[in-house]
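The primary structure of each chain is shown beneath.
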Amino acid sequence: MRHIDSNSTAPVAIPSLAIVVPCYNEEAVLESTCAELLATLDGLLASGRIRAESRIYFVDDGSRDGTWPMLQQMASNDERIVALALSCNRGHQNALYAGLAQTVEEAVVSIDADLQDGPEHIASMLDAYLAGNEVVFGVRKERDSDTFFKRLSAEGYYRLMQRLGVDLVFNHADFRLLSRRAVNTLLEYPETNLFLRGMVREIGFRSTTVEYARRPRLAGESKYPLRRMLSLAWKGVTAFSIAPLRAITLMGLITGALSLVLIGWVLSVKLFSGSAVPGWASIMVPVLFIGSVQLLCLGVIGEYLGKIYEEVKRRPRYHLREVVAEQRTPVTTRAETRAERSG
Ligand code: UDP
Ligand code: MG
C-alpha cells in the first residue's frame, strides 16, 4: 500500500458500506456476482469492518436482456440489495454516477458487474479507509488477463495523459472506495462529460492505493468494445486537458518558422537564378505565409476556446478538508445559562 498524501486524522468509525455495480446486459454473470457480493458483505461484517446497514446498489444501464427482471427479483429477495434502472443506456460512467448519487452509506465502493476486480480486495480498501483515507484507488498490478493490444493501448494512454498534465493514477480504472464526503464532493461536479477516474483525482482528500490482480471476465463479453474505449479515452483527454488546442499554436509557430525559410528560398530563386516559372513566387510566398498565419490564429482562438471550456464546466474551485475554529457559544445557550442561574 502506498500513501499518495497523508495527513494525521482522528480514528474513523466502522462505516456502513455501499457497493455500486453498473450493469449493462449482464444476465450471464448477475447471479454469481450477486452471490459473491453478498458473501463479501457477510465476510466484511463478520470481520468487523462494516456495519450491518450495508447495501449493494445494482444500476441497470438500459439493458436489453434479462438483467432488469433479475435485478428486481434479487432486490425483492434480499433487503440488502437495491435495484435501480436508468431510462435508457447512458454508458458506464453515467450509470456509475447515478448509483453513487443514490447511496447514503458512509463508505462507497464501485465495482464492475463481471467482478474482474475481485471483491476480496474491498477488505484492504476498508482497512485503508479505517486508517483515515477518503479515497482508495484499486490499482492493477499486471495486465495478464488483457489482450496484447489492450495492454499496449491502455498503458500508452496513461502515459499520454501524464504528458498532457492530467493527474491520473496509473492503471486505476473504476474500482475504488470513496468516503461519504468524497462522494458528496464528486456529486458537486456539474459537468455532463464524466471521466470519473480523473474527477476523483481532482477532488483531493487523503488517498491511497490498493494493488490487485485482475481476473478474467466471469461470463458474457466485454461491454467496452474498441469504439467505446476510444470514446472514453478521448473524453478523458478533452475533459481534462486543452493541450490539443495548444498544439495548434505550436504547429502554427513551427510552420511559420519553416515558411520563413522557404519564402527566403523562393525569393532567392526568383531574384538570383532567373529559372523561376512566371507566377511561381507570387503564389508560393502568400500560400506559405497565409497558411502559417492561419494556423497561428487558430491556435490563439483555441486558447480562448479552452478558457471558455474551463469556465463552462463550472467545476468547484476548491473543497475544504477541515476547518479549525474556536467553538463560539451560541447566543441562545448563553441566555439559557443566565436564566438557569437567576432561577
Ligand atoms: N457497463 C454499463 N454501461 C455500458 C457499458 C458497460 O453499465 O454502456 C458496465 C458493465 O455492465 C460492467 C462495467 O460497465 O459492469 C464494465 O464493463 P466491462 O466489464 O464490459 O468492461 P471491460 O472490463 O471489458 O473494460
Ligand atoms: Mg470487465
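The structure contained in this document is the topic of the report that follows. Values in this document were obtained by computation on a predicted structure and should not be read as measured data.

**What about the pairing of strand S2 (residues 17–23)?**
When you tally the buried positions in S2, you get 7 out of 7 residues, the bulk of the element. Covered by surrounding structure in S2 are Leu17, Ile19, Val21 and Cys23 together with Ala18, Val20 and Pro22, the residues of both alternating faces. Relative to strand S5 (residues 107–110), S2 runs parallel, the two being bridged by 4 bridges. Each residue of the ladder has a partner; that of Ala18, found in S5, is Val108. In terms of strand pairing, S2 meets strand S3 (residues 55–60) through 6 bridges, oriented parallel. Its bridge partner lying in S3, Pro22 is registered against Val59. On the question of chirality, the crossover connecting S2 to the parallel S3 by way of helix H1 (residues 27–46) is right-handed.

**A look at the coordination of the magnesium ion (ligand 2)**
Donor atoms from the polypeptide that coordinate the magnesium ion (ligand 2) comprise Asp114 (OD) and Gln116 (OE1), at 1.9 to 2.0 Å from the metal. Of the two residues examined, Asp114 and Gln116, each falls in the buried class.

**Quick notes on H1**
With 20 residues, H1 should cover 28 Å at 1.5 Å per step; its first-to-last C-alpha distance of 29 Å lies within 8% of that length. Along its length, H1 reaches its greatest deviation from straightness, about 25°, at Thr33. Along H1, the positions that sit buried rather than exposed are Val29, Leu30, Thr33, Cys34, Leu37, Leu38, Thr40, Leu41 and Leu44. Here the buried face of H1 lies against S2, S3, helix H2 (67–77), strand S4 (81–85) and helix H4 (122–130).

**Quick word on the pattern of salt bridges**
Taken as a whole and assessed by the stated rule, the structure comprises 18 salt bridges. Linking Asp42 and Arg80 is a salt bridge whose minimum nitrogen-to-oxygen distance equals 2.8 Å. Here the residue Asp42 occupies a position in helix H1, and Arg80 occupies one in the loop between H2 and S4, the gap between them amounting to 38 residues. The class for Asp42 is partly exposed, based on a relative accessible area of 41%. Across the pair Arg181 and Glu134 runs a salt bridge, and its minimum N-O distance is 2.4 Å. Of this pair, Arg181 sits in helix H6 (residues 180–186) while Glu134 sits in the loop between H4 and strand S6 (135–140), and the two are 47 residues apart along the sequence. Each of the salt bridges in this network shares a partner with another, and the network as a whole consists of Glu26, Asp114, Arg217 and Lys223.

**Digging into the environment of Glu303**
Mapping Glu303 onto the fold places it in helix H10 (residues 280–312). Under the relative-accessibility criterion, Glu303 is labelled partly exposed at 23%. Apart from the residues within four sequence positions on either side, Glu303 is in contact with Arg246 and Thr249.

**Examining the site of ligand 1**
What surrounds ligand 1 is a group of 19 residues, the closest being Glu26, Asp61, Ser222, Lys223 and Arg228. Here Tyr24 contributes a backbone N or O atom positioned 2.9 Å from an oxygen atom of ligand 1. Contacts to ligand 1 include Ala113, whose backbone N or O atom sits 2.8 Å from an oxygen atom. A total of 540 Å² of accessible area belongs to ligand 1 in isolation, and the protein chains cover 95% of it. Of the residues that constitute the shell around ligand 1, the class distribution is 5 nonpolar, 5 polar and 9 charged.

Parameters at a glance
Residues numbered from 1 in each chain as written. Chains lettered and ligands numbered in written order. Predicted model: local features only at pLDDT ≥ 70, side-chain atom pairs only at ≥ 80, totals over all residues. Heavy atoms only, no water. Buried < 20%, exposed > 50% of the residue type's maximum accessible area, 1.4 Å probe, protein only. Helix = DSSP H or I, 4+ residues; strand = E, 2+ residues; numbered from the N terminus. Pairing = 2+ DSSP bridges. Right-handed = clockwise from strand over helix to strand, strands pointing away. Donors = N, O, S within 2.8 Å, 3.2 Å for Na, K, Ca; no water. Expected span 1.5 Å × (residues − 1). Bend = angle between axes of the 7 residues up to and from the residue. Contact = heavy atoms within 4.5 Å. Salt bridge = Lys/Arg side-chain N within 4 Å of Asp/Glu carboxyl O. Near = heavy atom within 4 Å. Polar contact = N/O pair within 3.5 Å; in protein donor to acceptor, adjacent residues only side chain to side chain. Areas by Shrake-Rupley, 256 points an atom, 1.4 Å probe, with all protein chains shown as cover. Nonpolar A, V, L, I, M, F, W, Y, C, P; charged D, E, K, R; others polar.

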